[in-house]
Amino acid sequence: MRVYEALVKGLEGIGVRAAFGGAGENAAGLMPALKHSRRIRPVITRHEQAASFMACGYAMYTHELGFCFATAGPGAFNLFSGLAVALSDSYPVLAVSGYASRAWEGWGSLNETSGLNRTPDSRAVFAATTKKSFLLTDAADTCDVLEEAVNTAFEGRPGPVHIHVPEDLTHRGVEVRNFRDIRLDVPPVVPDPARVEEIASMLAEALAQRKRIVALVGFGAVRSGAGAEIRRLIERFRIPLLTTLDGKGIVSERHPLAVGVFADSGHSSAWKAFREASTPRSTTARASSRARYWST
């Protein structure tokens, strides 16, 4: 089994059903591996940037791993925008890109991005826009690297990860002889009881003192399926609901307590409600509770 075949088979085992990307010399070995996959549907895009955003959308709406790929050099760099969105908005996405043969590092070979002799440094770029970026250096490490990557994508606050596959690891005769199934073992994120108590006490005090409170809800509440709980909270205490762009729709926009989207391109009603709300006693409390109030 060759490296790209092992990557595809490993992703099949954790339920990946779609791959978004563009063809290219350094990632050519991935194409036949996807062609022969019975579980992963390849979607070939005209531009790698579209592939990275498609992977974001896939992760957002399925809560599964989004997968995108690109050839080395400019193809890989075109993934940057989508991965930046995945990082800021917490979408679990895996990007796989080619990497020029390591035997020619520093010589300015085609699509070289080693960072040597004024070549672009793709490892630094992807490290800056993902939770973790890997350079595969040995075919025998393929499953270990893939397993660490996908678990990193899902653990804690989800986000994108990236794997470089050097061209010399795709040559004929380079094989993965130790393939094993990938274990996706991500412990659930549980609330800190002490923080929950602190926030609940703060809100109770604000309500008792009739502070002006608004609830600002984002994609984290959507991802955790907290729509019903958010609705019960705002209805019980008559709290105006503001959402981020990604939180839009967690409660019906027609709900009488739904004020609108709070963002630069959001609704003026949401901005007005936020400005008129009270200021919290501390920045930490505001960030933790997503509520704002001031002392009148």
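How each quantity is defined
Each chain has its residues counted from 1, following the order in which its sequence is written. The predicted nature of this model means local features are confined to residues of pLDDT at least 70 and side-chain atom pairs, given and counted, to a pLDDT of 80 or more, with totals for whole chains, interfaces and linings taken over all residues. To get the side-chain values, take all heavy atoms of the structure and skip hydrogens and water. For this analysis, a nonpolar core means a set of buried residues of the types Ala, Val, Leu, Ile, Met, Phe, Trp, Tyr and Cys, connected via side-chain atoms within 4.5 Å. Residue exposure (1.4 Å probe, protein chains only): buried if accessible area is under 20% of the type maximum, exposed if over 50%, otherwise partly exposed. In this description a helix means any DSSP run of H or I spanning at least four residues, a strand means any run of E spanning at least two, and both kinds are numbered starting from the N terminus. Here a pair means two rings of Phe, Tyr or Trp (six-membered ring of Trp) with centres within 6.5 Å. Their orientation is stacked below 30 degrees between planes, edge-to-face above 60, and tilted elsewhere. Think of a polar contact as two N or O atoms within 3.5 Å of one another; within protein, one of them needs to be a possible hydrogen donor and the other a possible acceptor, and neighboring residues in sequence only count if both atoms come from side chains. Between two residues, a contact is recorded if the distance between any of their heavy atoms is within 4.5 Å. Every helix has an expected span of 1.5 Å times one less than the residues it contains. What the arc covers is the set of directions going from the helix axis to the C-beta atoms. Salt bridge, as used here, is a side-chain nitrogen of Lys or Arg placed within 4 Å of a carboxyl oxygen of Asp or Glu. When DSSP finds at least two bridges between two strands, those strands are taken to pair. Interaxial angle, 0 to 180 degrees, is taken between N-to-C directions of lines fitted to C-alpha atoms, where a helix line uses only the stretch in contact. Note on terminology: angles under 35 degrees are roughly parallel, angles over 145 are roughly antiparallel, angles of 65 to 115 are roughly perpendicular, and the others are oblique. Each residue is assigned to one of three groups, with Ala, Val, Leu, Ile, Met, Phe, Trp, Tyr, Cys and Pro labelled nonpolar, Asp, Glu, Lys and Arg labelled charged, and all others, Gly among them, labelled polar.

A.B. asks: Before we go on, may I ask you to explain the nonpolar core in this structure?
C.D. replies: Generally speaking, nonpolar side chains in soluble globular proteins are found buried as a group. In terms of nonpolar packing, the biggest core is built from 34 residues, with Leu11, Leu94 and Ile163 touching the most fellow members. Of all elements in the fold, only α1 (3-13), α2 (30-35), β3 (66-70), β4 (93-99), α7 (142-154) and β6 (160-166) reach the threshold of two or more residues within this core. Ranked by residues supplied to this core, first place goes to α7 with 7 residues. With 19 residues, the next largest nonpolar core counts Phe20, Ala59, Ala86 and Phe126 among its residues.

A.B. asks: I tried to follow the packing of aromatic side chains on my own but got confused; where do I start?
C.D. replies: How two aromatic rings sit relative to each other is set out by the distance from centre to centre and by the angle between their planes. With the rule as written, the count across this model stands at 6 aromatic pairs. A ring pair is formed by tyrosine 91 and phenylalanine 219, whose centres lie 5.3 Å apart and whose planes are at 85°; its orientation type is edge-to-face. Separated by 128 residues along the polypeptide, tyrosine 91 in the loop between α5 (80-89) and β4 and phenylalanine 219 in helix α9 (residues 219-223) bring together distant segments of the chain. In terms of burial, tyrosine 91 and phenylalanine 219 fall into one category: buried. A connected cluster of aromatic rings, assembled from ring pairs, spans Phe262, Trp271 and Phe274.

A.B. asks: Got a minute to help me understand the environment of alanine 50 in this structure?
C.D. replies: You can see alanine 50 is positioned in helix α3 (residues 48-62). Classification of alanine 50 as partly exposed rests on a relative accessible area of 30%. For alanine 50 and asparagine 78, which are 28 residues apart along the polypeptide, the C-alpha to C-alpha distance reads 8.7 Å.

A.B. asks: Would you mind going over the side chain of threonine 130 with me for this structure?
C.D. replies: Positionally, threonine 130 belongs in the loop between α6 (122-128) and β5 (132-135). Here the side chain of threonine 130 touches phenylalanine 126 through a polar contact of 2.6 Å, landing on its backbone oxygen. At 3.3 Å, the side chain of threonine 130 forms a polar contact with the backbone oxygen of lysine 132. Residues in contact with threonine 130, not counting those within four places in the same chain, are Leu83, Leu87, Pro160, Val161 and His162.

A.B. asks: How do you make sense of helix α8 (residues 193-208) when you look at a structure like this?
C.D. replies: Two residues of an α-helix separated by three or four positions point the same way, owing to the 3.6 residues in each turn. Taking 1.5 Å of rise per residue, 16 residues should cover 22 Å, and α8 covers 22 Å from first to last C-alpha, within 8% of that figure. Of the positions making up α8, those classed as buried are Ile199, Met202 and Ala206. With its buried residues spanning 60° around the axis, α8 presents them on a single face. Seen from the open side of α8, the exposed residues pointing more than 90 degrees away from its buried face are Pro193, Ala194, Glu197 and Ala208. The opening residue of α8, the one whose side-chain oxygen lies 3.1 Å from the backbone nitrogen of alanine 194, is aspartate 192.

A.B. asks: How should I be thinking about the environment of alanine 18 in this particular structure?
C.D. replies: By the element assignment, alanine 18 lies in strand β1 (residues 18-21). Residues contacting alanine 18, with those up to four places away along its chain left out, are Ile40, Arg41, Tyr58 and Phe67.

A.B. asks: Sorry if this is basic, but what is going on with the pattern of salt bridges here?
C.D. replies: Applying the stated rule across the entire model yields 12 salt bridges. The partner of arginine 195 in a salt bridge is glutamate 198, with the nearest N and O atoms 2.4 Å apart. Placement of both arginine 195 and glutamate 198 in helix α8 is noted, with a separation of 3 residues, approximately one turn of the helix. Since its relative accessible area comes to 27%, arginine 195 is described here as partly exposed. A salt bridge links lysine 248 to glutamate 253; its shortest N-O distance comes to 3.3 Å. Given the relative accessible area of 44%, lysine 248 is considered partly exposed.

A.B. asks: Please clarify how the sheet that holds β3 should be interpreted in this entry.
C.D. replies: By way of backbone hydrogen bonds, the strands of a sheet pair with one another, either parallel or antiparallel. Spatial ordering of the open sheet is given by β2-β1-β3-β4-β6-β5, a layout of 6 strands whose pairing is parallel. The sheet terminates laterally at β2 (41-44) and β5, the two strands that pair on one side only. Strand after strand, the sheet turns through a mean of 20° between neighbouring axes, direction not considered. One ladder, built from 4 bridges, connects β5 with β6; its direction is parallel. Across the sheet, the residue bridging to leucine 135 is histidine 164, located in β6.

A.B. asks: Whenever I open this one, the packing of α3 against α5 confuses me. Can you help?
C.D. replies: When two helices pack together, you describe them by how their axes are tilted relative to each other and by the distance separating the axes. It is at 7 Å that the axes of α3 and α5 come closest, and there the two elements cross at 25°. By the angle between their directions, the pair α3 and α5 is classed as roughly parallel. Of the residues in α5, those in contact with Gln49, Ser52, Phe53 and Cys56 of α3 are Ser81, Gly82, Leu83, Val85 and Ala86. A breakdown of the residues in the contact of α3 with α5 according to their chemical character gives 5 nonpolar, 4 polar and no charged.

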